[in-house]
Amino acid sequence: MRVLVIGSGAREHAIVHALAADPVVDAVLAAPGNPGIDLVAQCLPDCGPVTDPAAMSRLAEEVGADLVVVGPEAPLVAGVADAVRARGIACFGPSAAAAALEGSKAFAKEVMAAANVPTALAHVCATEDEVIDALRATGAPYVVKDDGLAAGKGVVVTEDHDEALAHGLACLAREGARVVIEEYLDGPEISLFCLSDGTEVRALTPAQDFKRIGDGDTGPNTGGMGAYSPLPWAPDDLTEQVLDRIARPTIAEMHRRGTPFAGVLYVGLALTSRGLRVVEFNARFGDPETQVVLARLRTPLGQLLDAAARGRLAELPELSWHDSAAVAVVMACEGYPQSPVTGAPIAGLEECGALADVQVLHAGTAATPEGVVASGGRVLSIVGTGPDLATARDRAYAGVAAIDLAGCQHRSDIADRAIAGTVLR
Ligand code: AMP
Ligand code: GLY
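Predicted model only: the values in this text are computed from it and were never measured.

Asks: So what about the site of ligand 2? Which residues, and what values?
Replies: Every residue close to ligand 2 is listed here: Asp209, Lys211, Gly223, Tyr266, Asn282, Arg284, Gly286, Asp287, Pro288 and Glu289. Glu289 places a polar side-chain atom, nitrogen or oxygen, 2.8 Å from a nitrogen atom of ligand 2.

Asks: Which residues make up the site of ligand 1, and what are the values?
Replies: If you check the shell around ligand 1, you find 14 residues, and the closest are Glu182, Leu185, Glu189, Lys211 and Glu280. Contacts to ligand 1 include Leu185, whose backbone N or O atom sits 2.8 Å from a nitrogen atom. At 2.4 Å, a side-chain N or O of Glu189 approaches an oxygen atom of ligand 1. In isolation ligand 1 exposes 470 Å². Once the protein is present, 92% of that is buried. Secondary-structure elements contributing two or more residues to the shell around ligand 1 are strand S7 (142-146), strand S8 (155-158) and strand S17 (275-282). Of the residues in the shell around ligand 1, the class split is 6 nonpolar, 1 polar and 7 charged.

Asks: Could you give an account of the pairing of strand S18 (residues 325-332), naming the residues involved and the relevant values?
Replies: Two faces belong to every sheet, and in a regular strand the side chains alternate between them. Counting buried residues in S18 gives 8 out of 8 residues, a clear majority hidden from the surface. In S18, alternate side chains face the same way, and those of Ala325, Val327, Val329 and Met331 on one face and Ala326, Ala328, Val330 and Ala332 on the other are all buried. As judged from the 4 bridges shared by strand S15 (residues 226-229) and S18, these two strands associate in the antiparallel manner. Paired with Ser229 across the two strands is Ala326, which belongs to S18. Judged from the 8 bridges that link them, S18 and strand S23 (residues 378-386) form a sheet pairing that is antiparallel.

Asks: Tell me about empty space enclosed by the protein, and please be specific about residues and values.
Replies: Within the structure shown, the criterion is met by 2 cavities of 30 Å³ or more. Considering only enclosed or pocket space, the largest cavity measures out at about 100 Å³ in volume. Lining the largest cavity are 13 residues; nearest its centre among them are Lys105, Ala108, Val279, Glu280 and Phe281. Elements supplying a minimum of two residues to the lining of the largest cavity: helix H5 (96-103), helix H6 (105-115), strand S9 (179-182) and S17. Per-element tally for the lining of the largest cavity: the top contributor is H6, with 4 residues. When its residues are assigned to classes, the lining of the largest cavity shows 6 nonpolar, 1 polar and 6 charged. Of the voids in this model, the second largest cavity is the one considered here, and its volume is about 70 Å³. What lines the second largest cavity is simply Glu189, Ile190, Ser191, Ala207, Gln208, Asp209, Lys211, Tyr266, Gly268, Leu269, Val279 and Glu280. Secondary structure elements with two or more residues in the lining of the second largest cavity: strand S10 (189-197), strand S12 (208-209), strand S16 (262-272) and S17. Tallied by class, the residues present in the lining of the second largest cavity amount to 5 nonpolar, 3 polar and 4 charged.

Asks: Kindly report on the sheet that holds S9, identifying the contributing residues and their values.
Replies: Taken in spatial order, the 4 strands of this open sheet run S6-S9-S7-S8, and their pairing is antiparallel. Whereas interior strands pair on both sides, the edge strands pair on one side only; in this sheet they are strand S6 (122-125) and S8. Along the sheet, successive strands turn relative to each other by an average axial angle of 20°, direction set aside. Across the face of the sheet, H6 comes into contact with S6, S7, S8 and S9 while running at roughly 50° to S9. Lying on the sheet, helix H7 (residues 128-138) is in contact with S6, S7 and S9; it crosses S6 at an angle near 170°.

Asks: Pulling in residues and values, what's your account of the pairing of strand S4 (residues 67-70)?
Replies: Residues of S4 alternate between two faces, with Leu67 and Val69 on one and Val68 and Val70 on the opposite face, all of them buried. Strand direction decides the pairing type here: strand S1 (residues 2-7) and S4, joined by 4 bridges, are parallel. Each bridged residue has a counterpart across the sheet, and for Val3 the counterpart in S4 is Leu67. As judged from the 3 bridges shared by S4 and strand S5 (residues 90-92), these two strands associate in the parallel manner. Its bridge partner lying in S5, Val68 is registered against Cys91.

Procedures and definitions
- Residues numbered from 1 in each chain as written.
- Chains lettered and ligands numbered in written order.
- Predicted model: local features only at pLDDT ≥ 70, side-chain atom pairs only at ≥ 80, totals over all residues.
- Heavy atoms only, no water.
- Near = heavy atom within 4 Å.
- Polar contact = N/O pair within 3.5 Å; in protein donor to acceptor, adjacent residues only side chain to side chain.
- Areas by Shrake-Rupley, 256 points an atom, 1.4 Å probe, with all protein chains shown as cover.
- Helix = DSSP H or I, 4+ residues; strand = E, 2+ residues; numbered from the N terminus.
- Nonpolar A, V, L, I, M, F, W, Y, C, P; charged D, E, K, R; others polar.
- Buried < 20%, exposed > 50% of the residue type's maximum accessible area, 1.4 Å probe, protein only.
- Pairing = 2+ DSSP bridges.
- 1 Å grid on protein atoms, 1.4 Å probe; cavity = no way out; pocket = protein on both sides within 12 Å on 5 of 7 lines; lining within 4 Å.
- Points joined across faces, edges and corners; volume = space filled by probe spheres on them.
- Axes fitted to C-alpha atoms, helices over the stretch in contact; angles between N-to-C directions.
- Contact = heavy atoms within 4.5 Å.

What follows is the structure, encoded as C-alpha coordinates:
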(Lines give C-alpha, C1' and ligand atoms only; values in the text may rest on other atoms or scores of the structure.)
(Ligands and ions follow the chains in the order given, each with its own letter.)
Protein backbone atom coordinates (compact mmCIF):
# COMPACT_ATOMS: atom_id res chain seq x y z
CA MET A 1 0.00 0.00 0.00
CA ARG A 2 1.26 3.49 -0.93
CA VAL A 3 0.12 6.16 1.52
CA LEU A 4 0.19 9.92 1.00
CA VAL A 5 0.05 11.97 4.21
CA ILE A 6 -0.98 15.62 3.89
CA GLY A 7 0.53 18.02 6.42
CA SER A 8 3.83 19.14 7.90
CA GLY A 9 3.59 19.04 11.69
CA ALA A 10 4.81 16.77 14.47
CA ARG A 11 1.40 15.05 14.33
CA GLU A 12 2.06 14.12 10.69
CA HIS A 13 5.61 13.04 11.61
CA ALA A 14 4.14 10.66 14.22
CA ILE A 15 1.57 9.38 11.69
CA VAL A 16 4.27 8.83 9.04
CA HIS A 17 6.42 6.99 11.57
CA ALA A 18 3.59 4.64 12.53
CA LEU A 19 2.60 4.06 8.88
CA ALA A 20 6.19 3.24 7.91
CA ALA A 21 6.25 0.56 10.63
CA ASP A 22 3.16 -1.20 9.20
CA PRO A 23 4.24 -4.27 7.18
CA VAL A 24 1.51 -3.77 4.55
CA VAL A 25 2.71 -0.22 3.82
CA ASP A 26 5.33 -0.22 1.03
CA ALA A 27 5.82 3.53 0.69
CA VAL A 28 4.91 6.67 2.61
CA LEU A 29 4.89 10.08 0.92
CA ALA A 30 4.23 13.42 2.60
CA ALA A 31 2.92 16.68 1.16
CA PRO A 32 4.72 18.85 1.96
CA GLY A 33 6.29 17.04 4.95
CA ASN A 34 9.23 18.48 6.90
CA PRO A 35 12.95 17.76 7.43
CA GLY A 36 12.20 15.13 10.10
CA ILE A 37 9.60 13.35 7.96
CA ASP A 38 12.14 13.40 5.12
CA LEU A 39 14.24 10.87 7.05
CA VAL A 40 11.44 8.25 6.98
CA ALA A 41 9.31 9.12 3.95
CA GLN A 42 9.45 10.81 0.57
CA CYS A 43 8.59 14.48 1.02
CA LEU A 44 6.90 16.46 -1.75
CA PRO A 45 7.82 20.05 -0.79
CA ASP A 46 6.58 21.48 -4.10
CA CYS A 47 3.08 20.05 -3.70
CA GLY A 48 1.32 23.43 -3.78
CA PRO A 49 -1.17 24.62 -1.15
CA VAL A 50 -2.53 21.74 0.95
CA THR A 51 -5.90 23.51 1.04
CA ASP A 52 -6.29 23.23 -2.75
CA PRO A 53 -8.55 20.18 -3.36
CA ALA A 54 -7.74 20.00 -7.09
CA ALA A 55 -3.97 20.15 -6.51
CA MET A 56 -4.01 17.60 -3.67
CA SER A 57 -6.24 15.09 -5.47
CA ARG A 58 -4.16 15.40 -8.67
CA LEU A 59 -1.02 14.78 -6.60
CA ALA A 60 -2.57 11.69 -5.00
CA GLU A 61 -3.25 10.30 -8.47
CA GLU A 62 0.20 11.24 -9.82
CA VAL A 63 2.06 9.50 -7.00
CA GLY A 64 -0.18 6.41 -7.25
CA ALA A 65 -1.49 6.65 -3.69
CA ASP A 66 -3.76 3.83 -2.51
CA LEU A 67 -4.68 5.81 0.60
CA VAL A 68 -4.52 9.52 1.47
CA VAL A 69 -4.40 10.58 5.14
CA VAL A 70 -5.24 14.24 5.77
CA GLY A 71 -3.61 15.63 8.92
CA PRO A 72 -4.78 19.23 9.50
CA GLU A 73 -8.28 20.72 9.60
CA ALA A 74 -7.89 23.40 6.91
CA PRO A 75 -7.62 20.97 3.94
CA LEU A 76 -10.59 18.96 5.29
CA VAL A 77 -12.79 22.02 5.65
CA ALA A 78 -11.67 23.07 2.13
CA GLY A 79 -12.88 19.74 0.66
CA VAL A 80 -9.62 17.88 0.00
CA ALA A 81 -11.09 14.54 1.13
CA ASP A 82 -14.08 14.98 -1.23
CA ALA A 83 -11.77 15.69 -4.19
CA VAL A 84 -9.52 12.70 -3.43
CA ARG A 85 -12.52 10.34 -3.16
CA ALA A 86 -13.97 11.76 -6.37
CA ARG A 87 -10.88 10.37 -8.14
CA GLY A 88 -11.62 6.92 -6.70
CA ILE A 89 -8.79 7.03 -4.13
CA ALA A 90 -9.46 6.01 -0.52
CA CYS A 91 -9.11 8.90 1.91
CA PHE A 92 -8.90 8.98 5.70
CA GLY A 93 -10.56 12.26 6.63
CA PRO A 94 -14.13 13.60 6.57
CA SER A 95 -15.86 15.42 3.71
CA ALA A 96 -16.09 19.20 3.91
CA ALA A 97 -19.73 18.86 5.01
CA ALA A 98 -18.78 16.52 7.88
CA ALA A 99 -15.66 18.52 8.83
CA ALA A 100 -18.05 21.36 9.70
CA LEU A 101 -18.20 19.64 13.10
CA GLU A 102 -14.87 21.40 13.62
CA GLY A 103 -15.20 24.22 11.09
CA SER A 104 -18.26 25.73 12.78
CA LYS A 105 -18.74 25.63 16.53
CA ALA A 106 -22.38 26.65 16.06
CA PHE A 107 -22.95 23.64 13.75
CA ALA A 108 -21.24 21.33 16.25
CA LYS A 109 -23.57 22.61 18.99
CA GLU A 110 -26.60 22.00 16.74
CA VAL A 111 -25.52 18.39 16.06
CA MET A 112 -24.81 17.79 19.75
CA ALA A 113 -28.26 19.07 20.67
CA ALA A 114 -29.90 16.83 18.05
CA ALA A 115 -27.91 13.80 19.24
CA ASN A 116 -28.48 14.58 22.93
CA VAL A 117 -24.74 14.82 23.61
CA PRO A 118 -23.78 16.45 26.94
CA THR A 119 -22.00 19.77 26.38
CA ALA A 120 -21.88 23.33 27.74
CA LEU A 121 -25.04 25.41 27.28
CA ALA A 122 -24.31 27.85 24.47
CA HIS A 123 -25.58 31.05 22.91
CA VAL A 124 -24.85 31.66 19.23
CA CYS A 125 -24.64 35.44 18.73
CA ALA A 126 -24.58 37.55 15.58
CA THR A 127 -24.97 41.07 17.05
CA GLU A 128 -23.44 43.17 19.82
CA ASP A 129 -26.72 43.13 21.78
CA GLU A 130 -26.82 39.34 21.65
CA VAL A 131 -23.23 39.18 22.92
CA ILE A 132 -24.05 41.49 25.83
CA ASP A 133 -27.15 39.46 26.73
CA ALA A 134 -25.28 36.16 26.51
CA LEU A 135 -22.46 37.39 28.76
CA ARG A 136 -25.07 38.50 31.29
CA ALA A 137 -26.83 35.12 31.07
CA THR A 138 -23.73 32.92 31.53
CA GLY A 139 -21.84 35.14 33.99
CA ALA A 140 -18.12 34.75 34.82
CA PRO A 141 -15.90 32.92 34.03
CA TYR A 142 -16.75 33.86 30.45
CA VAL A 143 -16.09 31.52 27.51
CA VAL A 144 -16.16 33.31 24.15
CA LYS A 145 -15.44 31.40 20.93
CA ASP A 146 -15.01 32.48 17.33
CA ASP A 147 -17.46 30.32 15.33
CA GLY A 148 -14.91 29.48 12.62
CA LEU A 149 -11.43 27.93 12.44
CA ALA A 150 -8.81 29.87 14.41
CA ALA A 151 -5.93 27.40 14.98
CA GLY A 152 -6.67 27.07 18.70
CA LYS A 153 -6.51 30.83 19.21
CA GLY A 154 -10.16 31.82 18.73
CA VAL A 155 -11.23 30.99 22.29
CA VAL A 156 -10.99 33.37 25.24
CA VAL A 157 -11.73 32.14 28.76
CA THR A 158 -11.67 35.01 31.25
CA GLU A 159 -13.10 36.44 34.47
CA ASP A 160 -12.87 39.91 32.91
CA HIS A 161 -16.15 41.11 31.37
CA ASP A 162 -14.49 43.78 29.22
CA GLU A 163 -12.00 41.29 27.77
CA ALA A 164 -14.85 38.85 27.02
CA LEU A 165 -16.89 41.57 25.33
CA ALA A 166 -13.91 42.83 23.33
CA HIS A 167 -13.17 39.33 22.01
CA GLY A 168 -16.83 38.77 21.17
CA LEU A 169 -16.96 42.00 19.17
CA ALA A 170 -13.63 41.25 17.47
CA CYS A 171 -15.05 37.90 16.32
CA LEU A 172 -18.13 39.67 14.91
CA ALA A 173 -16.04 42.14 12.93
CA ARG A 174 -15.95 39.85 9.87
CA GLU A 175 -18.91 39.87 7.46
CA GLY A 176 -21.53 37.29 8.47
CA ALA A 177 -19.48 36.14 11.46
CA ARG A 178 -20.96 34.53 14.56
CA VAL A 179 -19.63 34.06 18.06
CA VAL A 180 -20.47 31.30 20.53
CA ILE A 181 -20.71 32.21 24.22
CA GLU A 182 -21.06 29.31 26.58
CA GLU A 183 -21.21 28.04 30.11
CA TYR A 184 -17.82 27.51 31.78
CA LEU A 185 -16.88 23.87 32.31
CA ASP A 186 -14.71 23.10 35.33
CA GLY A 187 -12.55 20.02 35.71
CA PRO A 188 -9.63 18.39 33.89
CA GLU A 189 -9.68 18.06 30.11
CA ILE A 190 -9.37 14.83 28.16
CA SER A 191 -8.84 14.17 24.46
CA LEU A 192 -10.25 10.96 23.00
CA PHE A 193 -9.86 10.18 19.29
CA CYS A 194 -12.74 8.14 17.89
CA LEU A 195 -12.14 6.62 14.44
CA SER A 196 -15.17 6.14 12.23
CA ASP A 197 -15.90 4.84 8.76
CA GLY A 198 -19.25 6.64 8.78
CA THR A 199 -21.15 4.03 10.80
CA GLU A 200 -18.80 1.96 12.98
CA VAL A 201 -16.74 3.70 15.70
CA ARG A 202 -13.46 2.66 17.40
CA ALA A 203 -11.90 4.73 20.18
CA LEU A 204 -8.14 5.11 20.59
CA THR A 205 -6.68 5.58 24.07
CA PRO A 206 -7.34 8.81 26.03
CA ALA A 207 -4.67 11.50 26.38
CA GLN A 208 -4.38 14.86 28.09
CA ASP A 209 -3.15 18.00 26.35
CA PHE A 210 -1.64 21.16 27.89
CA LYS A 211 -3.09 24.15 26.02
CA ARG A 212 -1.51 27.09 27.84
CA ILE A 213 2.01 28.28 27.13
CA GLY A 214 3.16 28.49 30.77
CA ASP A 215 3.76 26.08 33.65
CA GLY A 216 0.75 25.69 35.95
CA ASP A 217 -1.61 26.45 33.01
CA THR A 218 -0.73 30.15 32.84
CA GLY A 219 -0.49 32.51 29.88
CA PRO A 220 -2.24 32.42 26.52
CA ASN A 221 -3.71 29.35 24.78
CA THR A 222 -1.53 27.66 22.17
CA GLY A 223 -2.00 24.78 19.74
CA GLY A 224 -0.83 22.48 22.59
CA MET A 225 2.44 22.39 24.57
CA GLY A 226 2.58 18.74 25.68
CA ALA A 227 0.58 15.59 26.27
CA TYR A 228 0.64 12.26 28.03
CA SER A 229 -1.14 8.91 28.01
CA PRO A 230 -2.51 6.91 29.78
CA LEU A 231 -4.57 8.93 32.31
CA PRO A 232 -4.30 7.10 35.65
CA TRP A 233 -6.92 9.41 37.19
CA ALA A 234 -9.66 8.95 34.59
CA PRO A 235 -12.77 6.83 35.30
CA ASP A 236 -12.37 3.16 34.24
CA ASP A 237 -15.39 3.37 31.97
CA LEU A 238 -14.35 6.67 30.35
CA THR A 239 -13.98 5.26 26.85
CA GLU A 240 -17.28 3.33 27.05
CA GLN A 241 -19.08 6.46 28.29
CA VAL A 242 -17.68 8.57 25.47
CA LEU A 243 -18.57 5.95 22.86
CA ASP A 244 -22.11 5.43 24.17
CA ARG A 245 -23.09 8.99 25.02
CA ILE A 246 -21.04 11.06 22.60
CA ALA A 247 -19.25 9.42 19.67
CA ARG A 248 -21.84 6.86 18.47
CA PRO A 249 -24.81 9.28 18.76
CA THR A 250 -22.85 11.97 16.88
CA ILE A 251 -21.76 9.59 14.11
CA ALA A 252 -25.37 8.33 13.83
CA GLU A 253 -26.72 11.90 13.64
CA MET A 254 -24.22 12.82 10.90
CA HIS A 255 -25.25 9.68 8.99
CA ARG A 256 -28.92 10.53 9.40
CA ARG A 257 -28.28 14.00 7.93
CA GLY A 258 -26.74 12.45 4.81
CA THR A 259 -23.25 13.73 5.68
CA PRO A 260 -21.56 10.68 7.19
CA PHE A 261 -18.37 11.38 9.13
CA ALA A 262 -15.46 9.13 8.10
CA GLY A 263 -12.15 9.97 9.74
CA VAL A 264 -11.23 10.82 13.30
CA LEU A 265 -13.73 12.56 15.53
CA TYR A 266 -11.54 14.22 18.15
CA VAL A 267 -13.68 14.50 21.27
CA GLY A 268 -12.38 17.21 23.61
CA LEU A 269 -13.96 16.64 27.04
CA ALA A 270 -14.10 18.16 30.48
CA LEU A 271 -14.55 15.84 33.44
CA THR A 272 -16.80 18.22 35.41
CA SER A 273 -18.34 17.80 38.83
CA ARG A 274 -21.57 16.90 36.95
CA GLY A 275 -19.94 14.33 34.65
CA LEU A 276 -18.40 14.34 31.18
CA ARG A 277 -19.16 17.29 28.89
CA VAL A 278 -17.93 17.94 25.36
CA VAL A 279 -15.74 21.05 25.16
CA GLU A 280 -15.17 20.76 21.42
CA PHE A 281 -15.17 18.46 18.43
CA ASN A 282 -12.35 18.42 15.94
CA ALA A 283 -12.39 16.55 12.65
CA ARG A 284 -8.75 15.39 12.76
CA PHE A 285 -6.09 14.02 15.05
CA GLY A 286 -4.93 16.35 17.84
CA ASP A 287 -1.42 17.71 18.08
CA PRO A 288 0.47 16.86 20.38
CA GLU A 289 -1.88 14.11 21.69
CA THR A 290 -1.36 11.99 18.55
CA GLN A 291 2.35 11.82 19.34
CA VAL A 292 1.67 9.98 22.63
CA VAL A 293 -1.34 7.95 21.47
CA LEU A 294 0.45 6.50 18.44
CA ALA A 295 3.55 5.79 20.54
CA ARG A 296 1.35 3.35 22.50
CA LEU A 297 -0.65 1.83 19.60
CA ARG A 298 0.32 -1.74 18.72
CA THR A 299 -2.27 -2.28 15.94
CA PRO A 300 -0.67 -1.41 12.57
CA LEU A 301 -1.82 2.12 11.69
CA GLY A 302 -1.98 1.72 7.90
CA GLN A 303 -4.45 -1.15 8.09
CA LEU A 304 -6.53 0.73 10.66
CA LEU A 305 -6.82 3.99 8.70
CA ASP A 306 -7.37 2.09 5.45
CA ALA A 307 -10.26 0.15 7.01
CA ALA A 308 -11.81 3.41 8.27
CA ALA A 309 -11.40 5.01 4.83
CA ARG A 310 -13.06 2.03 3.07
CA GLY A 311 -16.04 1.49 5.40
CA ARG A 312 -14.54 -1.71 6.81
CA LEU A 313 -13.85 -0.82 10.43
CA ALA A 314 -16.25 -3.54 11.64
CA GLU A 315 -14.02 -6.21 10.06
CA LEU A 316 -11.00 -5.28 12.22
CA PRO A 317 -10.16 -7.08 15.46
CA GLU A 318 -10.08 -5.08 18.72
CA LEU A 319 -7.30 -2.50 18.83
CA SER A 320 -4.18 -3.54 20.71
CA TRP A 321 -1.97 -1.32 22.90
CA HIS A 322 1.51 -1.44 24.38
CA ASP A 323 1.45 -1.63 28.16
CA SER A 324 3.52 1.55 28.33
CA ALA A 325 3.26 5.26 28.99
CA ALA A 326 4.22 8.15 26.72
CA VAL A 327 4.90 11.84 27.37
CA ALA A 328 5.38 14.52 24.68
CA VAL A 329 6.97 17.90 25.37
CA VAL A 330 6.62 20.61 22.73
CA MET A 331 9.58 22.92 22.11
CA ALA A 332 8.30 26.23 20.72
CA CYS A 333 10.28 29.15 19.35
CA GLU A 334 10.81 32.49 21.03
CA GLY A 335 7.70 34.71 21.00
CA TYR A 336 5.18 31.88 20.39
CA PRO A 337 2.17 32.13 20.30
CA GLN A 338 1.85 35.92 19.84
CA SER A 339 4.84 36.72 17.61
CA PRO A 340 6.98 33.68 16.76
CA VAL A 341 10.64 34.41 15.96
CA THR A 342 11.91 32.03 13.27
CA GLY A 343 15.35 31.26 11.90
CA ALA A 344 17.19 30.12 15.04
CA PRO A 345 19.54 27.15 14.44
CA ILE A 346 18.69 23.84 16.15
CA ALA A 347 21.57 21.75 17.52
CA GLY A 348 21.49 18.34 19.22
CA LEU A 349 18.88 16.66 17.01
CA GLU A 350 21.01 13.55 16.46
CA GLU A 351 22.07 13.29 20.10
CA CYS A 352 18.42 13.58 21.16
CA GLY A 353 17.26 10.99 18.62
CA ALA A 354 19.96 8.57 19.75
CA LEU A 355 18.63 8.46 23.33
CA ALA A 356 16.83 5.21 24.16
CA ASP A 357 13.01 5.45 24.08
CA VAL A 358 13.07 9.05 22.89
CA GLN A 359 11.56 10.18 19.58
CA VAL A 360 12.26 13.60 18.03
CA LEU A 361 9.33 14.73 15.92
CA HIS A 362 9.66 17.81 13.71
CA ALA A 363 7.03 20.52 13.22
CA GLY A 364 8.26 24.07 12.49
CA THR A 365 11.70 23.18 11.13
CA ALA A 366 13.42 23.94 7.84
CA ALA A 367 16.57 22.50 6.28
CA THR A 368 19.12 25.12 5.21
CA PRO A 369 22.72 24.77 3.94
CA GLU A 370 23.83 25.66 7.48
CA GLY A 371 21.66 22.98 9.08
CA VAL A 372 18.13 22.70 10.50
CA VAL A 373 16.54 25.92 11.76
CA ALA A 374 13.27 26.85 13.47
CA SER A 375 10.65 27.92 10.92
CA GLY A 376 7.40 28.03 12.88
CA GLY A 377 5.77 28.40 16.29
CA ARG A 378 5.87 24.84 17.56
CA VAL A 379 9.28 23.56 16.45
CA LEU A 380 9.67 20.02 17.84
CA SER A 381 7.79 17.42 19.88
CA ILE A 382 10.04 15.27 22.04
CA VAL A 383 8.33 11.99 22.99
CA GLY A 384 9.54 9.75 25.81
CA THR A 385 8.15 6.26 26.37
CA GLY A 386 8.60 3.89 29.31
CA PRO A 387 6.90 1.45 31.63
CA ASP A 388 5.24 4.28 33.61
CA LEU A 389 4.55 8.00 33.24
CA ALA A 390 7.44 9.10 35.48
CA THR A 391 9.98 7.20 33.37
CA ALA A 392 8.41 8.45 30.13
CA ARG A 393 8.48 12.03 31.42
CA ASP A 394 12.11 11.79 32.52
CA ARG A 395 13.08 10.41 29.10
CA ALA A 396 11.18 13.17 27.27
CA TYR A 397 12.89 15.87 29.34
CA ALA A 398 16.31 14.24 28.85
CA GLY A 399 15.57 14.61 25.13
CA VAL A 400 14.57 18.26 25.57
CA ALA A 401 17.87 18.89 27.44
CA ALA A 402 19.84 17.48 24.50
CA ILE A 403 18.41 20.12 22.11
CA ASP A 404 19.91 23.56 21.80
CA LEU A 405 17.52 26.17 20.37
CA ALA A 406 18.01 29.83 21.30
CA GLY A 407 14.94 31.43 22.90
CA CYS A 408 13.13 28.06 23.07
CA GLN A 409 10.03 27.84 25.23
CA HIS A 410 8.76 24.60 26.70
CA ARG A 411 6.71 23.65 29.73
CA SER A 412 8.55 21.88 32.53
CA ASP A 413 5.46 20.37 34.19
CA ILE A 414 4.01 18.03 31.54
CA ALA A 415 2.38 15.00 33.27
CA ASP A 416 3.60 16.12 36.72
CA ARG A 417 0.17 16.28 38.34
CA ALA A 418 -0.83 12.92 36.86
CA ILE A 419 2.35 11.40 38.31
CA ALA A 420 1.78 13.07 41.71
CA GLY A 421 -1.89 11.98 41.72
CA THR A 422 -3.22 15.53 42.09
CA VAL A 423 -5.19 16.03 38.85
CA LEU A 424 -8.55 15.60 40.57
CA ARG A 425 -7.68 17.76 43.54
P1 AMP B 1 -11.78 24.95 21.88
O2 AMP B 1 -11.12 25.61 20.69
O3 AMP B 1 -13.24 24.98 21.85
O4 AMP B 1 -11.16 23.63 22.14
O5 AMP B 1 -11.28 25.73 23.18
C6 AMP B 1 -9.91 25.85 23.49
C7 AMP B 1 -9.70 25.69 24.97
O8 AMP B 1 -10.46 26.64 25.70
C9 AMP B 1 -10.17 24.35 25.52
O10 AMP B 1 -9.24 23.33 25.36
C11 AMP B 1 -10.41 24.68 26.97
O12 AMP B 1 -9.20 24.71 27.67
C13 AMP B 1 -10.95 26.08 26.90
N14 AMP B 1 -12.42 26.01 26.87
C15 AMP B 1 -13.21 25.91 25.78
N16 AMP B 1 -14.51 25.85 26.12
C17 AMP B 1 -14.57 25.89 27.47
C18 AMP B 1 -15.62 25.89 28.43
N19 AMP B 1 -16.91 25.83 28.07
N20 AMP B 1 -15.29 25.95 29.73
C21 AMP B 1 -13.99 26.03 30.11
N22 AMP B 1 -12.94 26.06 29.26
C23 AMP B 1 -13.22 26.00 27.95
N1 GLY C 1 -4.03 19.71 20.91
C2 GLY C 1 -5.15 20.45 20.50
C3 GLY C 1 -5.50 20.35 19.10
O4 GLY C 1 -4.91 19.62 18.33
O5 GLY C 1 -6.42 21.05 18.70
